Amino acid sequence: MNFDPEPVFKRSKWGTQKYYYNPRNPIGLALIIITLLFTGTVMLLMANRAGPFAPDLPEPAPTWSPSRSRYEHSWPPPSSTPTPGSLLSPTSTPER
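Residues numbered from 1 in each chain as written. Predicted model: local features only at pLDDT ≥ 70, side-chain atom pairs only at ≥ 80, totals over all residues. Heavy atoms only, no water.

**Comments concerning the overall build of the chain**
And then number 1: Secondary structure assignment for the chain yields one helix and two strands.
And then number 2: The order of helices and strands in the chain, counted from the N terminus, is β-β-α.
And then number 3: When burial is assessed residue by residue, the chain has 4% of its 96 residues classed as buried.
And then number 4: Long-range pairs, those at least 24 residues apart, make up 2% of the contacts in the chain between residues at least 6 apart in sequence.
And then number 5: Of the roughly 9,700 Å² of accessible surface on the chain, 65% is carried by carbon and sulfur atoms. (Helix = DSSP H or I, 4+ residues; strand = E, 2+ residues; numbered from the N terminus. Buried < 20%, exposed > 50% of the residue type's maximum accessible area, 1.4 Å probe, protein only. Contact = heavy atoms within 4.5 Å. Areas by Shrake-Rupley, 256 points an atom, 1.4 Å probe, with all protein chains shown as cover.)

**Focus on the packing of aromatic side chains**
And then number 1: All told, the structure shown has one aromatic pair when counted by the stated rule.
And then number 2: Relative to Tyr-21, the ring of Phe-9 has its centre 5.7 Å away and its plane inclined at 35°; by these criteria the two rings are tilted. Separated by twelve residues along the polypeptide, Phe-9 in strand 1 (residues 9-11) and Tyr-21 in strand 2 (residues 19-21) bring together distant segments of the chain.
And then number 3: The exposure class assigned to Phe-9 is partly exposed, which follows from its relative accessible area of 46%. (Phe/Tyr/Trp six-rings, centres within 6.5 Å; stacked < 30°, edge-to-face > 60°.)

**Quick word on unusual backbone geometry**
And then number 1: The backbone of Arg-49 sits at a positive phi, close to 50°, despite the residue not being glycine.
And then number 2: For Arg-49, a relative accessible area of 52% puts it in the exposed group.

**With respect to helix 1 (residues 26-48)**
And then number 1: The end-to-end C-alpha separation of helix 1 is 33 Å, in line with the 33 Å expected for 23 residues at 1.5 Å each.
And then number 2: For helix 1, the side-chain oxygen to backbone nitrogen distance between the N-cap and Ile-27 is 2.8 Å, and the N-cap itself is Asn-25.
And then number 3: Arg-49 lies just past helix 1 and shows a positive phi near 50°. (Expected span 1.5 Å × (residues − 1). Polar contact = N/O pair within 3.5 Å; in protein donor to acceptor, adjacent residues only side chain to side chain.)

**Some points on a nonpolar patch on the surface**
And then number 1: A surface patch of nonpolar side chains, about 320 Å² in accessible area, is lined by Phe-9, Tyr-19 and Tyr-21.
And then number 2: Along the chain, the position of Tyr-19 falls in strand 2. (Patch = residues over 30% accessible without salt bridge, like charges linked within 9 Å, V, L, I, M, F, W, Y side chains within 5 Å. Salt bridge = Lys/Arg side-chain N within 4 Å of Asp/Glu carboxyl O.)

Structural data, given as structure tokens:
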């Protein structure tokens, strides 16, 4: 590794006035790694719709309230149609 003083940022050689991180400087290399980790994490959060990118879901309605009586409803609820096994008597056999 070269221990000459290298700048953290270098001017682009493409004729523009932009700068880039210098990977020969330890701070520049650390900034490159931090930028890549941060960008990768944000992309994963966006793809999984997690963190600040999670959709706003409405609050679910409470399923239990203390004002309701325990014995207000019977279980299982009454059915308006007969169950399939209730049409046959225990001694009868279905016709084929």
